[in-house]
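# Coordinate inspection notes
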Amino acid sequence: MNATPWSATGDTASRPRLRGHLRCDVAVVGAGLTGLTAAAELARLAPDLRIAVVEADHVAAGASGRGTGLLGPRVGPPVAVARRRFGDDVARAAHLWSVEAVRTVLALIEEYQIECDLTQGGQLVVAPDEAAAQTQQREADAARALELPITPVAQRELPPFARGYLGALRYEPAATLDPAALTGQLARIAEQRGVTIYERSPVREVRPGLLTTVRADEGELAADHVVVALNAYGGIPGTPRGVFGLRVQAGVTGKLTPQALAALEGLRGDPVIEHGELSPYFRLTADDRIVVGGGVVRRGTLGSLAPAPGRLRAAVRALAPELSDVDIESAWAGPVGMTRDGLPVVGADPREPGIFHVGGCNGHGLAVSVSNGAHVARWIATGEKDHLSFALPWLRPKAPWIPRGGLADRVLDGYLARLSAGQSDRPTERLS
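A short tour of the structure in this document, coming up. Predicted model only: the values in this text are computed from it and were never measured.

The subject of this paragraph is the overall build of the protein. Counting secondary structure elements, the protein contains ten helices and 17 strands. For the protein, buried positions account for 57% of its 432 residues. Pairs at least 24 apart in sequence give 78% of the contacts found in the protein among residues at least 6 apart. For the protein, the accessible area works out to roughly 17,800 Å², and carbon and sulfur atoms hold 50% of it.

Structure representation (structure tokens):
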């Protein structure tokens, strides 16, 4: 019971292991959306560069192939919080950057005619209680003040199945898609541009020097530039701390009956996300099943999540009476890279400017990872760090320090257990 809905659609190409002592211009660690976007875009901008991607398992083995396929705007803290923390100009620019990041993914899919079950629409973040409704009102007020495309939706305007909620905020542009198919196609685009991808080659160390060395079990790459795009899978020597991994549970139902589909009118175009950290969220797949997230969450990136996903099953059945006997056909754990302040990391080590770090998507990976991967590619190709008219707060070499080990890990485990039991009302994070 550990297969994703896209297990049969991912990349199946056979690729070599990294063996021997090799030389390249740019080495990318991690064959997910971030690493493959960086490699493919860099090969387009600088076709003479020798570019290699090194992956511990296979293309899309991590979050990029195990997400739930929600593509939407938002990055960092809510707009109302971002205004207080960074000021109006940065808060507005950051949200508009996330909107543009969604459009970047949509344009990529259109340009290369990538078949990934794309369905465009919006996202409804719904308020399950009065406290959430008040928080959403503050967010709507902030969005209105900054003229951002976030639309309040009154309870009476919600789809019939969602009218048990008190209201919602609608975010656009947005879409749902098959993340494994998208990642696999990015790998093929990169290879067509001359990029070499090594699989089954876990990197043990990124060692700086006159040339930076990426060391795997059976070989190593010496490179002028290295892009570390591990997100939740960081922690190898030579990579910064500050991004920590969580395993978040999601599941998928069997195929719905026509009656159940009719009761969920509107869900296909506008997935529903409950306000609240790791609260349930729902979308329809192209073959008429419900993907649901917000189940058990645990520290780390390895291992499955047990027991059976009763919380996911209960959340689906509560959507509509027509779903009372619907069951979870498969459940899986997907890794999410988190930071203490909720912001991603995109930057070069100031002591070793040839090593670039990208990660900490905080549950917004589909749009954020592609856009940040492309940003690093432009940075390497042009030598210019900031291609924008403003300074994004996540253009930094590392995230704030997080205490780990002993008591700190026990405290975090206790908090995550409470989250899994639905005992938190902090802002939503998703396995996108």
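The biggest cluster of nonpolar side chains holds 54 residues, and the ones touching the most others in it are Leu-71, Leu-182, Val-195, Val-227 and Trp-394. For Val-195, the residues in contact, after removing those within four places along its chain, are Ala-39, Ala-43, Ile-51, Val-53 and Ala-190. Ranked by size, the runner-up nonpolar core spans 27 residues in total, among them Val-126, Ala-162, Ile-290 and Leu-312.

Here we come to the environment of Val-252. Tracing the chain through its elements places Val-252 in strand S11 (residues 243–253). In the structure, Val-252 is positioned 40 residues away from Val-292 in sequence and 6.2 Å away in space, judged by C-alpha atoms. Those residues in contact with Val-252 that sit more than four places away from it in its chain are Pro-5, Arg-289, Ile-290, Val-291, Ile-328, Glu-329, Ser-330 and Trp-332.

Scanning the model with the defined rule gives 20 salt bridges in all. Notably, a salt bridge pairs Glu-41 with Arg-44, separated by 2.6 Å at the nearest N-O pair. Placement of the pair is Glu-41 and Arg-44 together in helix H1 (residues 33–45), with a separation of three residues, close to one helical turn. Classification of Glu-41 by relative accessible area gives buried; the value is 16%.

This next bit is on helix H3 (residues 79–86). Within H3 the residues assigned to the buried category are Val-79, Ala-80 and Ala-82. One side of H3 holds all its buried residues, which, seen down the axis, span an arc of 165°. Contacts from the buried residues of H3 go to helix H4 (88–111), helix H5 (130–146) and strand S5 (150–154). One or two positions beyond H3, positive phi appears at Gly-87, with a value near 95°.

Basis of the calculations
Residues numbered from 1 in each chain as written. Predicted model: local features only at pLDDT ≥ 70, side-chain atom pairs only at ≥ 80, totals over all residues. Heavy atoms only, no water. Helix = DSSP H or I, 4+ residues; strand = E, 2+ residues; numbered from the N terminus. Buried < 20%, exposed > 50% of the residue type's maximum accessible area, 1.4 Å probe, protein only. Contact = heavy atoms within 4.5 Å. Areas by Shrake-Rupley, 256 points an atom, 1.4 Å probe, with all protein chains shown as cover. Core = buried A, V, L, I, M, F, W, Y, C linked by side-chain atoms within 4.5 Å. Salt bridge = Lys/Arg side-chain N within 4 Å of Asp/Glu carboxyl O. Arc of directions from axis to C-beta.

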